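Report on the structure
If you want the building blocks of each chain, they are given just below.
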Amino acid sequence: MNIAALLGGSVQIAGGGPVSIEARLRGVKLTILGNPLPWLASNLVVHPDIKGIPDLPGKLAGISRFGSSTDQGFRYPLSQKHGLNVDRDLKMLQMGGDSSRVAALKTGSIQYTFSRRRSHGQCPRARLSRARHRAADGDNLFRGLPFVVEETWLNKNRELAYRYMKCATESIVALKRNRADSERIISKYMKINDPKLAATEFEFVSSLMPDYITPTLEGTKLILENFGKEYPDAPKRDPKEFVDSSIMDRLKNERFVEGLKY
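Residues numbered from 1 in each chain as written. Predicted model: local features only at pLDDT ≥ 70, side-chain atom pairs only at ≥ 80, totals over all residues. Heavy atoms only, no water.

Before going further, it helps to spend a moment on the pairing of strand β2 (residues 30-34). For β2, the tally of buried residues reaches 5 of 5 residues, placing the bulk of the element in the interior. Taken together, the 4 bridges between β2 and strand β8 (residues 147-150) define a ladder with antiparallel strand orientation. Bridging across to β8, Ile32 finds its partner in Val148. (Buried < 20%, exposed > 50% of the residue type's maximum accessible area, 1.4 Å probe, protein only. Helix = DSSP H or I, 4+ residues; strand = E, 2+ residues; numbered from the N terminus. Pairing = 2+ DSSP bridges.)

As a further point, take helix α5 (residues 98-107). Of all the residues in α5, the buried ones are Arg101, Val102, Ala104 and Leu105. Taken end-on, α5 shows its buried residues confined to a sector of 160 degrees, consistent with a single buried face. When the buried face of α5 is taken as reference, the exposed residues oriented beyond 90 degrees from it are Ser99 and Thr107. After α5 finishes, the residue Gly108 shows a positive phi value of roughly 90 degrees. (Arc of directions from axis to C-beta.)

A separate point is the pairing of strand β6 (residues 112-115). Residues Tyr112 and Phe114 of β6 are buried on one face, and the alternating residues Thr113 and Ser115, pointing to the opposite face, are buried as well. In this sheet, β6 lies alongside strand β3 (residues 43-46) in antiparallel orientation, the contact comprising 4 bridges. Its bridge partner being in β6, Asn43 is matched across the sheet by Ser115. Here strand β4 (residues 60-63) runs beside β6; their pairing, made up of 2 bridges, is parallel. Paired with Gly62 across the strands is Thr113, a residue of β6.

Here you go:
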């Protein structure tokens with residue numbers, strides 16, 4: 001929906017994820033300006049019968065949609081890191097957002113999924129397989145929810161995009177350095193009534209967010225490789241084609257974060 005709104009002109013900057021890279025593979029000139037979550041900000045949650053990765057083949061996984069962060073997040077660690085065959089071993093069903101996947105896990109319709117940490121409290125029959133699942137097991141950067149713009153708009157509105165990314169950067173730093181306010185805001189907008197759950201959510205997300213959200217070529221390359229089956233030329237494409245790091249480089253050169261007082 002975010003990318004549809006962006007292309008329709010309803011918004012000028014959107015959170016895109018891997019779908020924005022897929023859109024460019026299809027000829028839509030989208031560009032990534034920054035990446036606030038270079039790791040997949042989710043955990044692998046499984047049915048109690050699953051004791052480890054070797055138990056996953058043949059089991060059903062819930063993802064939001066094909067090509068999404070949840071889809072891409074399964075493909076790299078389970079295939080390249082654990083030797084599973086994506087087509088044979090990974091059986092994935094499109095099920096929408098966290099709440100839908102958690103409900104399916106509780107009823108047994110699926111046996112594992114990626115879930116935000118908050119959802120674990122809603123999974124009494126499920127257990128957490130890994131305390132924190134990073135899609136590349138720590139040696140690559142994955143794109144969580146990057147800021148995406150349409151290339152023609154960016155060329156005409158570069159200063160506006162700079163101001164937006166400046167605000168986004170300051171917001172992230174404020175979130176990380178003002179824990180009490182951040183937990184209060186998390187509780188309000190995520191409708192969390194348990195202070196411990198809000199604290200857990202804060203610790204999980206803030207630990208993954210860098211001060212400077214410069215897009216990484218490693219993460220783009222990883223996703224392009226994962227799209228190789230659907231788009232055979234994807235692994236050959238230059239990751240630099242999909243990102244514009246000049247705005248974040250400008251903020252770094254200005255030492256913007258270092259000048260913030262929190």
